[in-house]
Amino acid sequence: MSGGAVAGPDGLTRCPWGLEAESRADYRAYHDTEWGRPVHGDDALFERMCLEAFQSGLSWLTILRRREGFRAAFAGFSVVKVAAFTETDAERLLADPGIIRNRAKITAAIGNAKVAAEWAPGELDALIWSYAPDPAGRRAPRTAADVPATTPESVALAKDLKKRGFRFVGPTTAYAMMQACGLVNDHLADCHTRSSAGGR
């Protein structure tokens with residue numbers, strides 16, 4: 001979509017994707033209460049990293065509707081617990097209808113947890129947030145066409161994560177995570193949620 005913010009049934013203007021007809025309630029709640037708001041904590045950021053990776057090639061709605069299934073399958077996305085997963089756990093996940101059963105993505109999630117579990121508490125949070133751009137240098141997007149798929153920061157973050165052993169976190173996935181976790185604020189200029197999302 002290339003248009004600007006759109007008024008919903010409640011009269012509030014939102015980013016167009018927050019009002020997609022087939023999934024209005026799901027997307028609207030996520031758009032209004034989560035997307036673009038700052039997320040901190042190793043486990044919370046690990047969850048977003050995993051979900052964005054699983055979303056690759058699929059619609060975000062598919063992930064949203066399986067989110068609780070993912071949380072149950074991946075021990076609440078505890079880095080320490082997922083890092084302890086074995087091949088038996090991987091096979092269990094491959095048989096779990098509550099998640100996306102993709103071997104490469106499952107293996108990457110477990111492998112990424114093993115990398116992060118070797119770090120000091122807070123180190124994953126600090127690394128990811130070190131790539132948040134200066135909000136003063138970012139103009140609020142006026143239309144969906146103004147929102148990039150990648151940025152120099154997401155390219156650099158993806159490269160750094162890959163160097164450290166993370167997988168399935170390319171520049172586009174890294175930027176989607178940055179948007180979701182509030183490192184950037186890509187709510188459109190006229191979206192009612194933009195100011196409450198933090199203004200980055």
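Residues numbered from 1 in each chain as written. Predicted model: local features only at pLDDT ≥ 70, side-chain atom pairs only at ≥ 80, totals over all residues. Heavy atoms only, no water.

An unreviewed UniProt entry lists the protein under the name 3-methyladenine DNA glycosylase, from Streptomyces eurocidicus.

**Thoughts on the overall build of the protein**
Counted only if it meets this: Counting from the N terminus, the helices are DSSP H or I runs at least four residues long and the strands are E runs at least two residues long. With the radius of gyration taken over C-alpha atoms, the globule rule is written as 2.2 Å times the number of residues to the power 0.38. Relative accessibility thresholds used throughout: buried, under 20% of the residue-type maximum; exposed, over 50%; partly exposed, between the two (1.4 Å probe, protein chains only). Surface accessibility in these figures is a Shrake-Rupley result with a 1.4 Å probe; residues are shielded only by whichever protein chains are displayed. Charge counting follows a simple rule: Lys and Arg are positive, Asp and Glu are negative, and His as well as the terminal groups are ignored. Here the site of a charge means NZ on Lys, CZ on Arg, CG on Asp, or CD on Glu.
Scanning the protein for helices and strands turns up ten helices and two strands. Helices (α) and strands (β) of the protein occur, in sequence order from the N terminus, as β-β-α-α-α-α-α-α-α-α-α-α. Taken over the C-alpha trace, the protein has a radius of gyration of 17 Å; the compact-globule value for 200 residues is 16 Å, and the two agree within 12%. Counting across all 200 residues of the protein, residues that qualify as buried make up 46%. For the protein, the computed accessible surface area is about 9,200 Å², with 53% contributed by carbon and sulfur atoms. On the protein, the mean spot of the 25 positive side-chain charges and the mean spot of the 24 negative ones are 2 Å from each other.

**Observations concerning the packing of helix α9 (residues 152-163) against helix α10 (residues 171-180)**
The condition is simple: The axes are straight lines fitted to the C-alpha atoms, using for helices just the contacting stretch, and the angles between their N-to-C directions are given from 0 to 180°. What sets the label is the angle itself: under 35 degrees gives roughly parallel, over 145 gives roughly antiparallel, 65 to 115 gives roughly perpendicular, and the rest give oblique. In this scheme, a crossing is called left-handed if the near helix is turned counterclockwise away from the far one by less than a right angle; it is called right-handed if the turn is clockwise. By definition in these notes, contact holds between two residues if any of their heavy atoms fall within 4.5 Å. Three categories are distinguished: nonpolar for Ala, Val, Leu, Ile, Met, Phe, Trp, Tyr, Cys and Pro, charged for Asp, Glu, Lys and Arg, and polar for the others, with Gly belonging to the last.
Close contact between α9 and α10 brings their axes to 8 Å; oriented N to C, the two are set at 110°. On the basis of their axis angle, the class for α9 and α10 is roughly perpendicular. Pair α9 / α10 crosses with right-handed handedness. Residues E153, S154, V155, L157 and A158 of α9 touch α10, and the partners they reach there are P171, A174, Y175, M177 and M178. The residue makeup of the contact of α9 with α10, split by class, is eight nonpolar, one polar and one charged.

**Things to note about unusual backbone geometry**
A positive phi angle is found at F77, which is not glycine, with a value near 60°. By the element assignment, F77 lies in the loop between α4 (67-73) and α5 (79-83). Exposure remark for F77: the relative accessible area of 0% places this residue in the buried category. Even without glycine at this site, F168 takes up a positive phi of about 60°. Within the element layout of this structure, F168 appears in the loop between α9 and α10. Judged by its relative accessible area of 34%, F168 falls in the partly exposed class.

**Let's talk about α10**
For α10, a buried count of eight out of ten residues is recorded, marking the element as mostly surrounded by other parts of the structure. Restricting attention to buried positions, one finds in α10 the residues T173, A174, Y175, A176, M177, M178, Q179 and A180. Phi turns positive, to about 80°, at G182, one or two residues after α10.

**Considerations on the nonpolar core**
Nonpolar side chains tend to gather and get buried jointly when the protein is soluble and globular. So the rule is basically this: Here the nonpolar core consists of buried residues drawn from Ala, Val, Leu, Ile, Met, Phe, Trp, Tyr and Cys, with membership extended through side-chain atoms lying within 4.5 Å.
Grouped together as the largest cluster of nonpolar side chains are 52 residues, with contacts concentrated most on F70 and F74. With sequence-adjacent residues up to four places away left out, F74 is seen in contact with F54, V82, F85, L93, I99 and A109.

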